[in-house]
Amino acid sequence: MLTLDAADRFDMAEVYGPVPPLVWSLLLHQLGAGLSFAFRVPSGAPVAVGGYVPWTARDCWELWFHARPEAAAHTLGLVRLARLTLDALPHCDPRPVEAAVTTPAGRRLARAIGMERVAVVGSVEIWRRA
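Now for a quick tour of the structure. (Residues numbered from 1 in each chain as written. Predicted model: local features only at pLDDT ≥ 70, side-chain atom pairs only at ≥ 80, totals over all residues. Heavy atoms only, no water.)

Looking at the element boundaries, Gly32 is found in helix H2 (residues 21-33). Between the C-alpha atom of Gly32 and that of Ala7, which follows or precedes it by 25 residues, the distance is 9.9 Å. (Helix = DSSP H or I, 4+ residues; strand = E, 2+ residues; numbered from the N terminus.)

Next up, the structure:
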C-alpha cells in the first residue's frame, strides 16, 4: 500500500536520479513553487513524486509527475492517491489543472485520473481537468 506526504529534495533526487545541474535547478523550483507530494512504498522509499505549480500565464495549475520504474507495480495506488489530490485542489483554488504529456505512460496516467486531451503542440499533448 502506498502512502502520500509532502515531497522534499531528497525524494526528488531519489526518484529522478542523476540529472544535469540546470534540470536539478528547475526541479527544485517546481518543488518550492507549489504543492508537492511523494508517493511512498511501505519501506518509506519514494517511488514517485508529483505536484501542482500555479501557472498564471494560462490561469491554471500545472500538474507535474515523475515515477521510478518500480512504481509500475503500484499503478492503482498511484491513481487513487493522485485523484485524491486532484479532488482536494478545487476547494482551495478553482483553476483547472493542466499537464504537458510526452509519453504513453503519461497519457495513460492522465486518462486514469480523469483528465482529457485538449490540444497537441508538436509532440506534446496538453491534458486538462476542470
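Take the environment of Thr3 next. By the element assignment, Thr3 lies in strand E1 (residues 3-5). For Thr3, a relative accessible area of 42% puts it in the partly exposed group. Taking C-alpha positions, Thr3 is 8.7 Å from Gly77, a pair spaced 74 residues apart along the chain. Discounting residues that sit within four places of it in the chain, Thr3 has contacts with Ala38, Phe39, Arg40 and Leu81. (Buried < 20%, exposed > 50% of the residue type's maximum accessible area, 1.4 Å probe, protein only. Contact = heavy atoms within 4.5 Å.)

In spatial order, the strands read E1-E2-E3-E4-E5-E7-E6; together these seven strands make up an open sheet with mixed pairing. Two strands close off the open sheet at either side, each with one partner strand: E1 and strand E6 (116-121). Sheet twist, expressed as the average angle between the axes of neighbouring strands with direction ignored, equals 25 degrees. Both E1 and strand E2 (residues 35-40) contribute to a ladder of three bridges, which runs antiparallel. When the sheet's bridge partners are listed, Leu4 is paired in E2 with Phe39. (Pairing = 2+ DSSP bridges. Axes fitted to C-alpha atoms, helices over the stretch in contact; angles between N-to-C directions.)

All right, on to the pairing of strand E7 (residues 124-129) then. The pairing of strand E5 (residues 97-101) with E7 spans five bridges and is classified as antiparallel. Following the sheet pairing, Glu98 is matched in E7 by Arg128. Where E6 and E7 come together, five bridges link them in antiparallel fashion. Bridging from a neighbouring strand, Glu116 pairs with Arg128 of E7. Joining the antiparallel neighbours E6 and E7 is a turn of two residues, in which Gly122 adopts a positive phi near 65 degrees.

Turning to the side chain of Arg95, a few remarks are in order. Within the element layout of this structure, Arg95 appears in the loop between helix H3 (75-92) and E5. Owing to a relative accessible area of 19%, Arg95 belongs among the buried residues under this scheme. Setting aside anything within four residues of it in sequence, one finds Arg95 in contact with Pro54, Trp55, Thr56, Asp59, Cys60 and Trp61.

What follows covers the packing of aromatic side chains. Tallied over the full model, the rule gives two aromatic pairs. Both rings, one in Phe37 and one in Tyr52, keep their centres 6.3 Å apart while their planes meet at 80 degrees; by these two values the pair is edge-to-face. Placement of Phe37 in strand E2 and of Tyr52 in strand E3 (residues 46-55) is noted, with a sequence separation of 15 residues between them. Aromatic pair Phe39 and Phe65: ring centres 5.8 Å apart, planes at 70 degrees, arrangement edge-to-face. Within this pair, whereas Phe39 is found in strand E2, its partner Phe65 is found in strand E4 (residues 60-67), the two being separated by 26 residues in sequence. For Phe65, a relative accessible area of 30% corresponds to the partly exposed category. For the cation-ring pair, Arg95 lies above Trp61, with the distance from its terminal atom to the ring centre recorded as 5.1 Å. (Phe/Tyr/Trp six-rings, centres within 6.5 Å; stacked < 30°, edge-to-face > 60°. Lys NZ or Arg CZ within 6 Å of the ring centre and 35° of its normal.)

Treat this as a map of the structure, not an account of what it does.
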